[in-house]
2 protein chains.
Amino acid sequence: MSDTRYVHGYSAREAERLRAQANSLSALLHDEVRYARGRRVLEVACGTGAQTVFLAANSPQAEIVSVDVSPASLEQARKKVAAAGYRNVEFRIADLFDLPFDDAGFDDLFVCFVLEHLAEPERALAAVRRVLRPGGSVTVIEGDHGSWYCHPQSEAATRTVQCLIEVQARLGGDSLIGRRIYPLLAAAGFADVNVIPRMVYVDDSRPDLVEGFSKNTFIAMVEGVREPAIALGLMTASDWDKGIAEMHRAAEPGGTFCYTFFRGTATKP
Amino acid sequence: MSDTRYVHGYSAREAERLRAQANSLSALLHDEVRYARGRRVLEVACGTGAQTVFLAANSPQAEIVSVDVSPASLEQARKKVAAAGYRNVEFRIADLFDLPFDDAGFDDLFVCFVLEHLAEPERALAAVRRVLRPGGSVTVIEGDHGSWYCHPQSEAATRTVQCLIEVQARLGGDSLIGRRIYPLLAAAGFADVNVIPRMVYVDDSRPDLVEGFSKNTFIAMVEGVREPAIALGLMTASDWDKGIAEMHRAAEPGGTFCYTFFRGTATKP
């Protein structure tokens, strides 16, 4: 993973976007993710800790180990968790394809917004499966950018989202991965695979999601690939700007906005 | 509505498809639709009664009046409800734009898979609103064909679904209407509008939905527009057949299939 470029970049605005996403969506993504006292949980590729704070908050008596390949991200994650007052997380620099842990040493694995960035998600699941004990659980959470649509429907906006999908594909990732979680977990040899969609639906009656999801998470994420999309010739600058404007229109009163995350759980036989 | 052509046709296979859909999806669509003893409920455009049997079953002590503009459909609905043993439904031939009822005579309106077929859904909601008493409720359920996607992702399959959307648009309908329920109800002057998505997610672990939804409901519905789609030049026959084959592949083991219905509720101020 160390040589994988990261579609979302590492800018300050991106850090802000990840924070907005984590706050407005935490209930939707984490509502059933709870680990009991003494469970040894590995969070794989925690990044800047956007999800780590929710893991720590929701499972206060579990022993969480969060790893990431980027020292800078890990340092941010460490500060975030410390600032929130949680002491049940240990941080380690590690590449998920070469984890510095014994076989079968963890009770649970938590893998959130990771597989989408990898050219070989199957190999990643096999690699992390090694450190899970038989009978232990894995939870995988991913989005699926092909699940997005809005009202008023807009072809230009749809094309900007296609650019994000295409740019991520050229970086070796797959942003249509949410729909693939079931077959990926099954192919990696996990049992009891269960995937549930967690759909975000936004209209005027949900102003927190208009801000926290539609504008500050999704549109911000699409806007993040403006430069490569135009440089690669995927869209012209004026078509791009039209698409973004129409996407913003769907976040105004009278518009609606839809996106689906998927959460898969399974056990190691 | 009397001169509106119906995208799904009136064939025996279509009747079978509607039956499969109603059975596999009834829980998802109807789970919170319950009317108390003595409530006078109007089901608007009940068609062949696919939903009427669930209404009657779930609200056994309500007084349900189901109307449709087609005498043949209404006769099928009447037989279906009688065969199921329910006696709490009265059937009337009526055009929803010209309902033969006094103002404010109903406590509740139920409008399911109706607006998608109408060129003027706003006018339809205004027309049925007349017969609802102040404080009464309306429930609107619609699908949204633009919400469909599958794994393995397939451009050809997506194009066949686009054909269905396009054919329905040429008949004056809008099969992307699910995402519009909130603004439509708000614009029609209803209050307390609340829309929730009801997403159907299908993988190997849900063989009932593979059969009942993916194959016998959704793919069957798309296949129903093969002739007009090809005749209109929207796709060639061979591209069409490729799209359908790839859609079937997503309903095989290892594939996944996603579609979202929307249910809106509101009250008349």
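The structure reproduced in this document is the subject of the present report. Keep in mind the model is a prediction, meaning the values are calculated, not measured.

### Section: the sheet that holds strand β1 (residues 40–44) of chain A
In sheet architecture, strand pairing relies on hydrogen bonds along the backbone and comes in two forms, parallel and antiparallel.
Residue and element names in this part refer to chain A.
And step 1. On the basis of which strands lie adjacent, the open sheet formed by seven strands has the order β3-β2-β1-β4-β5-β7-β6 and mixed pairing. For this open sheet the edge positions go to β3 (89–93) and β6 (191–202), each flanked by a neighbour on one side alone. Strand-to-strand twist across the sheet, computed as the mean angle between neighbouring axes with direction ignored, equals 20°.

### Re empty space enclosed by the protein
All names here are of chain B.
And step 1. This structure, assessed with the given rule, holds one cavity of 30 Å³ or more.
And step 2. One number sums up the size of the largest cavity: a volume of about 30 Å³.
And step 3. Val44, Leu96, Val111, Val114, Leu115, Ala124, Leu125 and Val128 together form the lining of the largest cavity.
And step 4. Top element by residues in the lining of the largest cavity is helix α4 (residues 121–129). It accounts for three residues.
And step 5. Class assignment for the residues of the lining of the largest cavity results in eight nonpolar, no polar and no charged.

### Focus on the pairing of strand β2 (residues 63–68) of chain A
All names here are of chain A.
And step 1. Counting buried residues along β2, five of its six residues qualify, which places the element largely inside the surrounding structure.
And step 2. Bridging between β1 and β2 involves four bridges; their strand directions are parallel. Bridging from a neighbouring strand, Val41 pairs with Ile64 of β2.
And step 3. The pairing of β2 with β3 spans five bridges and is classified as parallel. Bridged to Ile64 within β3 is Val89.
And step 4. Each parallel crossover has a hand, and the one from β2 via helix α3 (residues 71–83) to β3 is right-handed.

### As for the packing of helix α5 (residues 155–170) of chain B against helix α7 (residues 207–223) of chain B
Each pair of packed helices gets described by two things: the angle between the helix axes and the distance between those axes.
All names here are of chain B.
And step 1. Look at α5 against α7: their axes get within 9 Å of each other, and the N-to-C directions meet at 70°. When the interaxial angle is binned, α5 and α7 end up roughly perpendicular. Considering the relative orientation of α5 and α7, their crossing is left-handed. Within the contact between the two elements, α5 uses Thr160, Val161 and Leu164 and α7 uses Phe218, Met221 and Val222.
And step 2. Per-class residue counts for the contact of α5 with α7 are five nonpolar, one polar and no charged.

### Some points on the packing of α7(B) against helix α9 (residues 237–250) of chain B
All names here are of chain B.
And step 1. Remark: α7 packs on α9, axes separated minimally by 11 Å, with the N-to-C direction vectors making an angle of 180°. Between α7 and α9, the interaxial angle falls into the category roughly antiparallel. Mapping the contact onto sequence places Phe218, Ile219, Val222 and Glu223 in α7 and Trp240, Ile244, Met247 and His248 in α9.
And step 2. A per-class count over the contact of α7 with α9 returns six nonpolar, one polar and one charged.

### Quick look at the relation of the copies chain B and chain A
And step 1. Under the fitted operation, chain B is carried onto chain A by 0.0 Å of movement along the axis and a turn of 180°, and the coordinates agree to an RMSD of 0.0 Å. On this basis, the relationship between the two copies can be described by a two-fold rotation axis. Minimal C-alpha distance to the rotation axis in chain B is attained by B:Ser147, lying at 3.5 Å.

### Quick notes on the side chain of B:Arg180
And step 1. Its place among the elements puts B:Arg180 in the loop between α5 and α6 (181–187).
And step 2. Here B:Arg180 falls in the buried class, since its relative accessible area comes to 17%.
And step 3. Here B:Asp174 takes part through its side chain, which lies 2.6 Å from a polar atom of the side chain of B:Arg180.
And step 4. Apart from the residues lying within four places of it in its own chain, the contact partners of B:Arg180 are A:His151, B:Pro121, B:Glu122 and B:Asp174.

### What to know about the sheet that holds strand β3 (residues 89–93) of chain B
All names here are of chain B.
And step 1. Taking strand neighbours across the sheet as the criterion, the seven strands line up as β3-β2-β1-β4-β5-β7-β6 in an open arrangement whose pairing is mixed. Two strands bound the open sheet, and with one partner strand each, they are β3 and β6 (191–202). For this sheet, the mean angle separating the axes of adjacent strands, direction not counted, is 20°.
And step 2. Contacts from α4 reach β1 (40–44), β4 (106–112) and β5 (132–151) within the one sheet, and its direction differs from that of β5 by about 150°.

### Examining the pairing of β4(B)
When a strand is regular, its side chains alternate between the sheet's two faces.
Residue and element names in this part refer to chain B.
And step 1. Within β4, seven of the seven residues are buried, leaving the element largely enclosed by the surrounding structure.
And step 2. Examined bridge by bridge, β4 and β5 share six bridges and lie parallel to one another. Looking across to β5, one finds that Val111 is bridged to Val140.
And step 3. Handedness of the β4-α4-β5 crossover: right-handed.

### Quick notes on the packing of aromatic side chains
And step 1. Applying the stated rule across the entire model yields 22 aromatic pairs over all chains.
And step 2. Look at A:Phe218 and A:Phe257: their rings are 6.0 Å apart centre to centre, the planes differ by 75°, and that puts the pair in the edge-to-face class. With A:Phe218 in helix α7 (residues 207–223) and A:Phe257 in strand β7 (residues 256–267), the pair connects residues that are 39 residues apart, well separated along the chain.
And step 3. Among the aromatic residues, those joined into a ring-pair cluster are A:Phe113, A:Trp148, A:Phe213, A:Phe218, A:Phe257, A:Tyr259 and A:Phe261.
And step 4. We note A:Arg129 situated over the ring of A:Phe190; from NZ or CZ to the ring centre the distance is 5.6 Å.
And step 5. For B:Arg123, the ring lying beneath its charged end belongs to B:Phe97, and the centroid distance is 4.2 Å.

### Points about the environment of A:Ala250
Residues and elements named next belong to chain A.
And step 1. With respect to the helices, strands and loops of the structure, Ala250 is situated in helix α9 (residues 237–250).
And step 2. On a C-alpha basis, the gap between Ala250 and Val81 in space is 35 Å, while along the polypeptide they are 169 residues apart.
And step 3. In this structure Ala250 touches Cys150, His151, Pro152, Gly255, Thr256 and Phe257, once residues within four positions along its chain are discounted.

Reading the values: rules and limits
- Residues numbered from 1 in each chain as written.
- Chains lettered and ligands numbered in written order.
- Predicted model: local features only at pLDDT ≥ 70, side-chain atom pairs only at ≥ 80, totals over all residues.
- Heavy atoms only, no water.
- Pairing = 2+ DSSP bridges.
- Helix = DSSP H or I, 4+ residues; strand = E, 2+ residues; numbered from the N terminus.
- Axes fitted to C-alpha atoms, helices over the stretch in contact; angles between N-to-C directions.
- 1 Å grid on protein atoms, 1.4 Å probe; cavity = no way out; pocket = protein on both sides within 12 Å on 5 of 7 lines; lining within 4 Å.
- Points joined across faces, edges and corners; volume = space filled by probe spheres on them.
- Nonpolar A, V, L, I, M, F, W, Y, C, P; charged D, E, K, R; others polar.
- Buried < 20%, exposed > 50% of the residue type's maximum accessible area, 1.4 Å probe, protein only.
- Right-handed = clockwise from strand over helix to strand, strands pointing away.
- Parallel < 35°, antiparallel > 145°, perpendicular 65-115°, else oblique.
- Left-handed = near helix turned anticlockwise from the far one by under 90°.
- Contact = heavy atoms within 4.5 Å.
- Least-squares fit on C-alpha atoms with pLDDT ≥ 70 in both.
- Polar contact = N/O pair within 3.5 Å; in protein donor to acceptor, adjacent residues only side chain to side chain.
- Phe/Tyr/Trp six-rings, centres within 6.5 Å; stacked < 30°, edge-to-face > 60°.
- Lys NZ or Arg CZ within 6 Å of the ring centre and 35° of its normal.

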